[in-house]
Amino acid sequence: KAGVTQTPRYLIKTRGQQVTLSCSPISGHRSVSWYQQTPGQGLQFLFEYFSETQRNKGNFPGRFSGRQFSNSRSEMNVSTLELGDSALYLCASLRGSDTGELFFGEGSRLTVL
Amino acid sequence: KQEVTQIPAALSVPEGENLVLNCSFTDSAIYNLQWFRQDPGKGLTSLLLIQSSQREQTSGRLNASLDKSSGRSTLYIAASQPGDSATYLCAVIGIKAAGNKLTFGGGTRVLVKP
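Predicted model only: the values in this text are computed from it and were never measured. (Residues numbered from 1 in each chain as written. Chains lettered and ligands numbered in written order. Predicted model: local features only at pLDDT ≥ 70, side-chain atom pairs only at ≥ 80, totals over all residues. Heavy atoms only, no water.)

**Q** I would appreciate a short explanation of the sheet that holds strand E1 (residues 5–7) of chain A in the present structure.
**A** Strand pairing in a sheet relies on backbone hydrogen bonds, with the paired strands running either antiparallel or parallel. Residues and elements named next belong to chain A. The four strands are arranged E1-E3-E8-E7 in an open sheet whose pairing can be described as antiparallel. Because the sheet does not close on itself, it has two edges, and the strands there are E1 and strand E7 (64–68). On average, each strand axis in the sheet is tilted by 15° relative to the strand beside it, whichever way the strands run. Both strand E3 (residues 19–24) and strand E8 (residues 74–78) contribute to a ladder of five bridges, which runs antiparallel. Across the sheet, residue Leu21 finds its bridge partner in E8, namely Met76. (Pairing = 2+ DSSP bridges. Helix = DSSP H or I, 4+ residues; strand = E, 2+ residues; numbered from the N terminus. Axes fitted to C-alpha atoms, helices over the stretch in contact; angles between N-to-C directions.)

Right, dumping it as structure tokens:
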């Protein structure tokens, strides 16, 4: 059974550019959430999607956005990149709408120069 | 606001010694608590999930306990091996939070010396 797949694994961007990251959840999982991990702030919640609807949102500026498609795949977008956006972006999936065990992907490592 | 703390931030033990990792949280109104392992540059691997109604969970050499009233969880790893070297993170889902928002601790970096 395939796990959570995130693409791309690594990318380098410059300030002011935008980036789109993709997450394919485990087959049958309908909830996808995104986290940012940095050495200084640790793991912070970005947002969660369930059935194409954003269900919860963390305390990040509007430059961070996301969406979920009908096949449960999700994308997150960061516009007008800043140096501080350099981080490991992790995606997690959950089977249903209730709470339960979350499974994470390997992450997308973003470096902003 | 839920806060999760893991002390110590780093731990070094000789191979074969039992590991005891601590996690504390400020709001006892949680759905569940989950322990993860993270290797350098990698994603998170789920180790154990403890529902709020449970007191402990076991998987192989791993045992996690939960004391909701005191806001504490402990992860025990028996007979540590060098392959257990990693960062261990605990996270909770609070009842007051919508959806499945995990609040993470800062992690404990473990080194098991051969």
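Next comes the rest of the account.
**Q** Teacher, can you tell me more about unusual backbone geometry here?
**A** Only a minority of non-glycine residues have a phi that is not negative, and only a minority of peptide bonds are not trans. Of note, the amide linkage connecting Thr7 of chain A to Pro8 of chain A takes the cis form, showing an omega dihedral of -10°. Position of Pro8 of chain A relative to the elements: it lies in the loop between E1 and strand E2 (10–13). Of the consecutive residues Ile7 of chain B and Pro8 of chain B, the connecting peptide bond is found in the cis state with omega at 5°. One non-glycine residue, Ser72 of chain A, lies in positive phi territory at about 75°. We classify Ser72 of chain A as buried; its relative accessible area is 12%. (Buried < 20%, exposed > 50% of the residue type's maximum accessible area, 1.4 Å probe, protein only.)

**Q** What should I look at first to understand the pairing of strand E4 (residues 31–38) of chain A in this one?
**A** Where a strand is regular, its side chains alternate between the two sheet faces. All names here are of chain A. For E4, the tally of buried residues reaches eight of eight residues, placing the bulk of the element in the interior. Of the two faces of E4, the one carrying Ser31, Ser33, Tyr35 and Gln37 and the one carrying Val32, Trp34, Gln36 and Thr38 are both buried. Summarising the sheet, E4 and strand E5 (residues 42–50) pair through eight bridges and their orientation is antiparallel. Following the sheet pairing, Gln37 is matched in E5 by Leu43. Counting the residues between successive antiparallel strands, the hairpin from E4 to E5 contains three residues. Looking at chain direction, E4 and strand E9 (residues 87–94) are connected through seven bridges and run antiparallel.

**Q** Explanation requested: the pattern of salt bridges in the structure shown.
**A** Once their charged atoms are close, side chains differing in charge can pair, the charge on each being opposite to the other. All names here are of chain A. What the rule picks out here adds up to seven salt bridges over all chains. The partner of Arg63 in a salt bridge is Asp85, and the shortest N-O contact between them spans 2.8 Å. Within this pair, whereas Arg63 is found in the loop between strand E6 (53–57) and E7, its partner Asp85 is found in the loop between E8 and E9, the two being separated by 22 residues in sequence. Residue Arg67 pairs with Glu75 through a salt bridge whose shortest N-O separation is 3.2 Å. Judged by its relative accessible area of 16%, Glu75 is buried. One network of salt bridges, in which partners are shared, links Arg63, Glu82 and Asp85. (Salt bridge = Lys/Arg side-chain N within 4 Å of Asp/Glu carboxyl O.)

**Q** Sorry, what's going on with the packing of aromatic side chains here?
**A** Two aromatic rings, taken as a pair, are described by how far apart their centres are and by the angle between their planes. Considering all chains together, one arrives at eight aromatic pairs over all chains under this definition. Summarising the aromatic geometry, the rings of Tyr35 of chain A and Phe104 of chain B are spaced 5.6 Å apart at their centres and angled 85° between planes, so their arrangement reads as edge-to-face. One end of the pair, Tyr35 of chain A, is in strand E4; the other, Phe104 of chain B, is in strand E10 (residues 102–104), on a second chain. This pair shows no difference in class: Tyr35 of chain A is buried, exactly as Phe104 of chain B is. Taken together, a centroid distance of 5.7 Å and an interplanar angle of 40° make the contact between Phe36 of chain B and Phe104 of chain B tilted. Remark: Phe104 of chain B occurs in strand E10 and Phe36 of chain B occurs in strand E4 (residues 30–38); sequence separation between them is 68 residues. (Phe/Tyr/Trp six-rings, centres within 6.5 Å; stacked < 30°, edge-to-face > 60°.)

None of the figures reported here should be taken as evidence of function without further support.
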